[in-house]
Each structure stands twice: as C-alpha cells, then as structure tokens.
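Topology and contacts: notes
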Amino acid sequence: MKWKNRGHELEALGEKFRIHTWKKIYIYGAGMIGEEVYDKIKFLDIPIEFADSSPQKQNEGFKGVSVVSPKKIFHEGSVIVVAASKYNTETIIKNITCSSGGEYREGVNVFTASGFLALPLHLYTSYVEKKLYFEDITILVTEKCTLKCRDCAPCYPYLKNARHRSFEEVKEDIDLLFSKADYIWDLIFTGGEPFLNKEFGRMLEYVMEHYASQYHHIQIISNATIIPSDDICETLKSTGGYISISDYTCVNDRLKNKLSRFTEKMDTYGIRYEIPQVDSWCDFGFRAKDHPEKSSEELIDMFDACRSTCRAFHEGKFIFCVPAMYASRAVYENEPVDTDCCFESGDKNEIMEWNLGYSEKGYLNMCAKCFGYLTINQHRVEPGVQLQ
C-alpha cells in the first residue's frame, strides 16, 4: 500500500476506537483459539475475560482468567472477540447480533479472532493505548549455515562474506527494538543456523534478563545439525521458548542421526520443539533472470496480494521482507534495500503503518524480481535440495 498521509494513514479508523471507549474484552471461547487470542492481547490495559457455555470452565476459569456465561457479556463498553471454528464463528456472531437487538455489530464491537488480530488490535493499541505491537519479528544472529540449500529463501549459499553477528551488534538491535516495541507475541531468533554463533547464548540471556515482560515467547528456527551446549540448553529452558526445527532428513539420510540426537537433548532439558511437515518450498524466483517488466501499479497490486510475513529488525533497521533483503545482497549486489521506515526517529503510528504494509512506493524494489509469497506464488520446489 502506498503512503498518502504518512504516519496518519489510519487516523480516521483510529479515531473511531478513541470515541467508542472499550471497557472490557470478552474472548468468546475458552479453548485453543481463545488461548492464542488471549496470549496476543493480554498486554493491553483493559480487563479481559473469557465467555464460554461450559459450566466447568465457568467454575474453574481458564488461563487464570474468569470465565462467564455468554449471557453476561452484553453491557456498555464490552467488546467481543469470537474465538471458535469458522463454521461456529458465523453462527455465534449471528446469535450475538440478534440477541443484542443490533447493539453488537461485526467489525464495530464484535469481531472474528482473525479479523480482530489483523487490524483492530493494531489500531486500538496505537491510537488508544499509544503502544506498538508486533505479532512477530525476527532477530538474525548469523548469515552462516551448515547446509547449502539451492532454493534457500534468503539466498544464504549465494551470499559473499557471510558472517556471524557479534553480541554487541545484536544487543544494540534488541535495545533499539524494545525502545519502541511495547509487546511482541513471537520473538524469533534465526540465521543461517543460529547455534553456529558462539555468542548466541549470551544474546538469549540478555533479552530474557532485560525484556521478558515485553514478549510472550521466544522461537528459535534451527536445522538441528548443531547440538546446543548444556549452557545454552539451560538458558533455553529458562526462557520458556521453543524451537521450530527445519527437517531436511528427506533429502539427506545422514541428518537423521543428528536430528535424533538434537531432539533427545531437547527432551532431556524439557525444551519444547516442533517439526513442521513441509512438502514443498516457495521458489521466490530471485535467481531467475527473465522476470517480465511490471508497472508501478502492477507492483503495488502484487505487493498488496503477497502479504509477506518475513519481518526482521536488523542493523538498526526495520526490514519488511528478509528474503528480499538478502536477495538484494546475494544476487543483485547493487539493488538498494527498502528502509522507508526510520525506526529510531519514526513515531509509533508510522512504524505500525509500515508493519501493516505501507511504504513510499507501495512495494519493495525486489518485488520486480520475485514471484511473491505463499498467497500468490505457484512456483514450488522440493525442500532442502543441496548445492553440489
């Protein structure tokens, strides 16, 4: 989206949230979806309760929070976020609208969970509570990796002079990030392979000691080829974070033993991990040389449809798309990286707008050399294929 009124793009919508004062948020559904919604909004300075028809949950509470009957949620200033399956959500919203005599309307004071998290949460946070919220943001600790994946999204195997980032560099980024960010739901550390960096443990200790109240959890993305030391495992356990393991054993049998040893050690220390099952990767197309020329309008349309979620904070800059940043260095050495948003001097509304996809041009330079993200990219490749 192209900025027309930088820093004030969403002010008219934000004003509606200031006028219609919220007094309490009810999360309708005390289950897995409700738990995730609660974890993402619990930093707000507004009372939050669950609503559920289960008498047991009403008696016991959920996540240490009160659970009330759905009949008790209709009062002045209450906002309802429906945290249920898609089918049940439609029925629940219809019932709420009818039961309230039209006092509750979707998009005004009753929302689907996904709809609320997509925009209203950002608007309420920015314009009412004057805070800056990120659903997720990545800290890159190294450009080095133990593997050479041909179709690596950030093009690391093609990067010249790949290096580890020092503790001081990452510390500086962490301090600057949290000087603006009031709450981050998913704080991600990755590389490259993050466990290659000998100072990674210090980085985790630092963010945990200084900013634990400003993020919900830490996620580490690893290929499980480096077994963390006992010291790092102790730190990981104390952070309460988890590891997302990129599993490449389907293309390299020799990695199965390493993966087994890695998960055994995580189990020993009680560290959570997940191994997402991936059948294919997106080919972003950065190394293709035959991209058809696109007009500015076409690039804006492509960017708006792409919905890339690859945000990072790196070297003092808010990076909208990590693959685009590294492709600009690894494949197109003279292509400037888009940094329209000045994180250090920019105000929180401007940063919020950039995070939601606003920029000076309405697209990134690398969009002209990219097939796009999952939502629009039909180019698929086998995951983890190694360069010879």
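As a starting point, this report considers the structure included with it.

Calculation rules
- Residues numbered from 1 in each chain as written.
- Predicted model: local features only at pLDDT ≥ 70, side-chain atom pairs only at ≥ 80, totals over all residues.
- Heavy atoms only, no water.
- Helix = DSSP H or I, 4+ residues; strand = E, 2+ residues; numbered from the N terminus.
- Contact = heavy atoms within 4.5 Å.
- Core = buried A, V, L, I, M, F, W, Y, C linked by side-chain atoms within 4.5 Å.
- Buried < 20%, exposed > 50% of the residue type's maximum accessible area, 1.4 Å probe, protein only.
- Salt bridge = Lys/Arg side-chain N within 4 Å of Asp/Glu carboxyl O.
- 1 Å grid on protein atoms, 1.4 Å probe; cavity = no way out; pocket = protein on both sides within 12 Å on 5 of 7 lines; lining within 4 Å.
- Points joined across faces, edges and corners; volume = space filled by probe spheres on them.
- Nonpolar A, V, L, I, M, F, W, Y, C, P; charged D, E, K, R; others polar.

Moving on, we come to the side chain of Thr 138. In this fold, Thr 138 is placed in strand β6 (residues 133–140). Ignoring sequence-local partners within four residues, the contact set of Thr 138 consists of Ile 188, Thr 190, Arg 311, Ala 312 and Phe 313.

Before going further, it helps to spend a moment on the nonpolar core. Counting 114 residues, the largest nonpolar core has Ile 25, Ile 41, Phe 134, Leu 177, Leu 187 and Phe 189 as the members making the most contacts within it. Apart from residues no more than four positions distant in its own chain, Leu 177 is found in contact with Phe 134, Ile 137, Ile 139, Ile 184, Leu 187, Phe 313 and Phe 343.

Moving on to the pattern of salt bridges. The final tally for this structure, using the stated rule, is 21 salt bridges. Ionic pairing is found between Asp 39 and Lys 63, a salt bridge with its closest N-O pair at 3.1 Å. Taken together, the positions of Asp 39 in helix α2 (residues 32–41) and Lys 63 in the loop between α3 (55–60) and β3 (67–68) put the pair 24 residues apart, joining distant regions of the chain. Overall, the relative accessible area of 6% leaves Asp 39 in the buried class. For Lys 63, a relative accessible area of 35% gives the class partly exposed. For Lys 256, the salt bridge identified is with Asp 253, shortest N-O distance 3.5 Å. The exposure class of Lys 256 is partly exposed, given its relative accessible area of 48%. Linked through salt bridges whose partners overlap, the residues forming this network are Glu 35, Asp 39, Lys 42 and Lys 63.

Turning our eyes to something else, we now look at the layout of surface pockets. Estimated volume of the largest pocket: approximately 1400 Å³. Together, 45 residues line the largest pocket, and Ala 153, Ile 221, Ser 246, Tyr 248 and Trp 281 are the ones closest to its centre. Of all the secondary-structure elements, those providing two or more residues to the lining of the largest pocket are β6, β7 (183–190), β8 (215–222), β9 (242–245), β11 (281–282) and α12 (322–330). Residues belonging to the lining of the largest pocket are distributed by class as follows: 25 nonpolar, 13 polar and 7 charged. Estimated volume of the second largest pocket: approximately 470 Å³. In terms of lining, the second largest pocket is formed by 16 residues, of which the most central are His 122, Glu 135, Asp 136, Thr 309 and Arg 311. Going through the elements one at a time, α5 (113–118), β6, β7 and α13 (348–356) are the ones with two or more residues in the lining of the second largest pocket.

With that settled, the discussion passes to empty space enclosed by the protein. Picture a little ball the size of a water molecule; that probe, rolled over the atoms, points out where space is still empty. Per the counting criterion, the structure on display carries 5 cavities of 30 Å³ or more. Its volume calculated, the largest cavity comes out at about 130 Å³. Here the lining of the largest cavity takes 3 residues from helix α11 (residues 296–306), the largest share from any one element. Residues belonging to the lining of the largest cavity are distributed by class as follows: 14 nonpolar, 2 polar and no charged. What lines the second largest cavity is Arg 150, Asp 151, Cys 152, Ala 153, Cys 155, Cys 282, Asp 283, Phe 284, Gly 285, Phe 286 and Arg 287. The residue inventory of the lining of the second largest cavity, partitioned by class, reads 6 nonpolar, 1 polar and 4 charged.

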